[in-house]
Amino acid sequence: MALPGAPAPAPAAAPAPPPPPTVLMAVRAGLAGPCLLPPLPAAAALRLQLSVQAADGGQRRFRLGLRHTEADGGTTVAEYDLKDVAYRVRSPTCHELTVLGSPAEPMVFTFEEEREAQKWWTIVSSSLREVQKALDTTLASQASSLPAAAGGVSAEQDPEEALVSELAEKEDLALQLAQAIEYGDEEAAARCAVALARQQATLSILFKESNYPTEEISMKVVVEDATSSASITIRVRAHTTIATLKQQVFQDYGFHPLVQRWIIGQCLCVDERTVSSYGIRGDGDTAFLYLLSAKTAELTEQRYEEDQAQVMLRSTSSPARAAAAEGRKYNTLPNMSPKKGWGDEAGRKMDIAEISQHLDALQLGDLFGAQPKPAAASLPSPVPTGWSCPKCTFINKPTRPGCEMCSADRPEDYVVPGGYKPDETELWRMQQEQEGILQYQQALEAERLKNFQQLLELEEEVLVPNRELLECRICYQRVAPGEGVLLRECLHNFCRECLRQVINYSEEPAVACPFRDDSYACGSHLQEREIRALVSPEEYRRFLERSLALAERRSRDSFHCKTPDCRGWCIYEDSVNEFRCPVCRALNCLLCKAIHEGRNCRQYQDDLRLRAQNDAAARQTTDMLQTLVQLGEAMHCPTCRIVVQKKDGCDWIRCTVCHTEICWVTKGPRWGPRGPGDTSGGCRCNVNGQRCHPRCQNCH
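Residues numbered from 1 in each chain as written. Predicted model: local features only at pLDDT ≥ 70, side-chain atom pairs only at ≥ 80, totals over all residues. Heavy atoms only, no water.

Okay, helix H4 (residues 242-253) next. Residue pairs spaced three or four apart in an α-helix point in one direction, given the helix's 3.6 residues per turn. Helix length check: H4 (12 residues) gives 16 Å between terminal C-alpha atoms against 16 Å at 1.5 Å per residue, within 8%. By the burial criterion, the buried members of H4 are Ile-242, Thr-244, Leu-245, Lys-246, Gln-248, Val-249, Phe-250, Gln-251, Asp-252 and Tyr-253. Positive backbone phi, approximately 85°, marks Gly-254, located one or two places after H4. (Helix = DSSP H or I, 4+ residues; strand = E, 2+ residues; numbered from the N terminus. Expected span 1.5 Å × (residues − 1). Buried < 20%, exposed > 50% of the residue type's maximum accessible area, 1.4 Å probe, protein only.)

Another aspect to go through is the pairing of strand S2 (residues 45-54). Counted residue by residue, S2 has 7 buried out of 10 residues, so it is predominantly covered. Across 8 bridges, strand S1 (residues 22-32) lies against S2 in antiparallel orientation. Residue Val-23 lies in a different strand from S2, and its bridge partner there is Ser-51. Bridging between S2 and strand S3 (residues 60-68) involves 9 bridges; their strand directions are antiparallel. Note on S3: the bridge partner recorded for Gln-49 is Gly-65. (Pairing = 2+ DSSP bridges.)

Our next topic: the packing of aromatic side chains. Counted according to the given criterion, the structure contains 5 aromatic pairs. With a centroid separation of 6.0 Å and an interplanar angle of 50°, the aromatic rings of Phe-515 and Tyr-520 are classed as tilted. On the accessibility criterion, Phe-515 (11% relative accessible area) is buried. The exposure class assigned to Tyr-520 is partly exposed, which follows from its relative accessible area of 41%. The residue whose ring lies beneath Arg-273 is Tyr-278, and the NZ or CZ to ring-centre distance is 4.1 Å. (Phe/Tyr/Trp six-rings, centres within 6.5 Å; stacked < 30°, edge-to-face > 60°. Lys NZ or Arg CZ within 6 Å of the ring centre and 35° of its normal.)

Turning to the sheet that holds strand S12 (residues 286-291), a few remarks are in order. Spatial strand order, S9-S8-S12-S10-S11: 5 strands in an open sheet with mixed pairing. The two strands at the open ends of the sheet, each matched to only one other strand, are strand S9 (229-236) and strand S11 (267-268). As judged from the 4 bridges shared by strand S10 (residues 260-264) and S12, these two strands associate in the antiparallel manner. Paired with Trp-262 across the two strands is Leu-289, which belongs to S12. Strands in contact with H4 are strand S8 (217-224), S9, S10 and S12; relative to S10, the strand with the most contacts, it is inclined by about 130°. (Contact = heavy atoms within 4.5 Å. Axes fitted to C-alpha atoms, helices over the stretch in contact; angles between N-to-C directions.)

Okay, the nonpolar core next. Within soluble globular proteins, side chains that are nonpolar tend to cluster in buried spots. Core analysis: the largest hydrophobic core is formed by 26 residues, its most contacted members being Leu-48, Leu-66, Tyr-87, Leu-97, Phe-109, Phe-111 and Trp-120. Of all the elements in the fold, those that place two or more residues in this core are S1, S2, S3, strand S4 (76-81), strand S5 (85-91), strand S6 (94-99), strand S7 (107-110) and helix H1 (114-145). For this core, the element with the most residues is H1, which contributes 5 residues. If near-sequence neighbours (up to four positions away) are discounted, Leu-48 is found in contact with Met-25, Ala-26, Val-27, Ala-29, Gly-65, Leu-66, Tyr-87, Phe-109, Phe-111 and Trp-120. Formed by 22 residues, the second largest nonpolar core is a distinct cluster that contains Val-485, Cys-490, Val-511 and Ile-531. (Core = buried A, V, L, I, M, F, W, Y, C linked by side-chain atoms within 4.5 Å.)

We now examine the packing of helix H10 (residues 496-504) against helix H12 (residues 537-554). Packing of H10 against H12 brings their axes to within 10 Å, and their N-to-C directions diverge by 35°. Side by side, H10 and H12 meet where Arg-500, Ile-503 and Asn-504 of the first sit next to Glu-539, Phe-543 and Arg-546 of the second.

It is worth spelling out unusual backbone geometry at this point. You will see that Tyr-476, though not glycine, has its phi angle at about 55°, which is positive. Its location among the elements puts Tyr-476 in the loop between strand S16 (470-471) and strand S17 (478-479). Classification of Tyr-476 by relative accessible area gives exposed; the value is 53%. Although it is not a glycine, Leu-491 adopts a positive phi angle of roughly 65°. With respect to the helices, strands and loops of the structure, Leu-491 is situated in the loop between strand S18 (484-486) and strand S19 (493-495).

A large share of S10 lies buried, amounting to 4 of its 5 residues. Note that S10 and S11 share 2 bridges and pair antiparallel. Residue pairing for S11: Ile-264 is matched across the bridge by Cys-267. Counting the residues that bridge the hairpin from S10 to S11 gives 2 residues, and of these Gly-265 lies at a positive phi of roughly 60°.

A word on the state of the cysteines. According to the stated counting rule, one finds 0 disulfides in the structure shown. Here Cys-267 is not cross-linked by a disulfide; its sulfur's nearest cysteine counterpart is in Cys-269, at 7.1 Å. With no disulfide of its own, Cys-566 lies closest to Cys-581 among cysteine sulfurs, the gap being 3.5 Å. Judged by relative accessible area, Cys-566 falls into the buried class, the value being 9%. (Disulfide = S-S within 2.5 Å.)

This next bit is on the side chain of Glu-96. Counting through the fold element by element, Glu-96 comes out in strand S6. By relative accessible area, Glu-96 is classed as buried at 12%. At a separation of 3.5 Å, a polar atom in the side chain of Glu-96 contacts the side chain of Arg-90. Setting aside its immediate chain neighbours within four residues, Glu-96 contacts Ala-86, Tyr-87, Arg-88, Arg-90, Pro-106, Met-107 and Val-108. (Polar contact = N/O pair within 3.5 Å; in protein donor to acceptor, adjacent residues only side chain to side chain.)

Applying the stated criterion across every chain, the model contains 26 salt bridges. Of the charged contacts in the structure, one is a salt bridge between Glu-96 and Arg-88, with a shortest N-O distance of 3.1 Å. Note on Arg-88: relative accessible area 30%, which makes it partly exposed. Connected through shared salt-bridge partners, Glu-538, Arg-541, Arg-542, Glu-545 and Arg-567 make up one network. (Salt bridge = Lys/Arg side-chain N within 4 Å of Asp/Glu carboxyl O.)

A word on H12. Under the 1.5 Å per step criterion, the end-to-end length of H12 is 26 Å for 18 residues, consistent within 8% with the ideal 26 Å. Glu-539, Tyr-540, Phe-543, Ser-547, Leu-550 and Glu-552 are the residues of H12 that are buried.

Looking now at the environment of Asp-271. On the secondary structure map, Asp-271 appears in the loop between S11 and S12. Among the residues examined, Asp-271 registers a relative accessible area of 34% and is labelled partly exposed. Between the alpha carbons of Asp-271 and Thr-244 there is a distance of 8.0 Å; along the sequence they are 27 residues apart. Not counting the four nearest positions on each side in its chain, Asp-271 is found in contact with Thr-241, Ile-242, Ala-243 and Lys-246. Within the structure, Asp-271 has its side chain in polar contact with the side chain of Lys-246 (distance 3.0 Å).

A few words on the side chain of His-256. Structurally, His-256 can be placed in the loop between H4 and S10. Given the relative accessible area of 2%, His-256 is considered buried. One polar contact links the side chain of His-256 to the main-chain amide nitrogen of Leu-258, over a distance of 3.1 Å. Not counting the four nearest positions on each side in its chain, His-256 is found in contact with Phe-250, Leu-299, Arg-303, Tyr-304 and Asp-307.

The sheet built from 3 strands is open, its strands ordered S26-S27-S28 with antiparallel pairing. The outermost strands of the open sheet, each flanked by one partner alone, are strand S26 (652-654) and strand S28 (668-669).

Below is the structure:
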């Protein structure tokens, strides 16, 4: 009872309502075939809706709902918890929903668009993985919290019972995995495989016999050891593994599996694979069995006797033989019934001595290195002729270049015996090898001639077209085969128009390849015939003119013809004083830098001084000569006083009028009054080892 005046207690707060579910995705689908849903109108469409809602313990609850479309009222037809259903894809536009524990047929949904169905399956499969992960976590936590008396695994639980329980769980998962793979259920197979991988279970996955043909195969077997060989026939099936085949030979003929080496199709066989995987599929297919010695195989006599006793114990038991015939596919040992085709009319098993006699006196020898029999009992085996393969130990003919079984190369140090005579088969093989080598050499020579002919034809072409579709590195346009050009020097490809523009805008007489990238710039050039073929005749003429003008400007010893508007020019040498222009045929004086044909330099210069009084052009030429003299680039001849000029080279020059030898650096005569060799006058260069001037450049 509340005290007077005390406030009334507040009513208890109502629990907060759960948050509404979040719709992850909704998609429109049609229902195909009868199912457990209530009857729907003909051609009615459903709306599949996947939603998630928060649950207790921080978990999430996924719900898959089937609703009418908005046009039909949008009411709910059915709704399932995602952990209670199985959902799989039957085709790109057809999915299947199965309610676990329900006897009803699965519901099949069809989608109008494959893309929408794929998007829906992506969301559903992700949600299924979340549900499975949450379920595994819950089961693990419950199992760890249960006491041992309640069936949980605890520290006090019997280890043997825990091992049995773990093995039973692994076997159940393995069976579920096999069934899921057989039925094509990818999701269930993935779950079982992940669970087995987490437990690190050791598995052996094999095909059932129903996957192979059921007919027996008569397989031809060539049996060999280090000294001899023979051929036999063994009845096998397509599903027979190499391990089973070894056990079959051991059981019937006493050759232990450790000494057996099977070679089929030039492959050294492994125990896990079947004979059909190596190509044994029909009667007459050949396999090779090579028998090693017990020492090479590291087989002890005790091991051999123990394994042989186990085989004999199984073979004498009738129930075991019946069980082997009934469940051959689950047993690594073959059927104990005697094999046919070995000449055993009485149906009994032959001992090792009879087998050796039947195999054309196959001298396999004692497996355990027993003492040889006396010479009176049997003759010694001949020494085998040939080389032993270092890979599979097969004895090959001396002349074979490679192993007949595994194709390994013959040892390099092996030498064919001098007195060896090959048989007819070997002679035929050697002849075939020589013919094959000859055919190969002929084909190689024909290929070389063909390539050489193609190179000659390509050399005759002015432009080499591109053979494949390319992208021009200048305009980045795609160029069809034959429309572009492959440059001969560097093999870079470009379109014709871009190369034409490169030539027209080139400032150099040698047009460089325009290939450039971030780390490389091509240094090759276009050939002259490529340039001529890529541009028009007028463009090629302008290109040549630009090249000639550039060459004239860059040449230090060039001289341009003095005829107005003439394009002729030359590169002169120091010993040449005249230049006949090949364009206008005018004779140019290189000393006077003028044309005075019919007059010598003195006559031209005297006439030039007279005309300079009235002729402006002559006056200009005279002023130019005086300026050259004042600048030291020309001088007056010390004898006849005409203006001479040194073009290049040493300081020795000769006047073209009076032929006086002049020292350019001293501006005087080279010799004394008596002419060449007179050192009483002149520049006296090299007299007493002294030059005539510190800057003299060999005036002598």
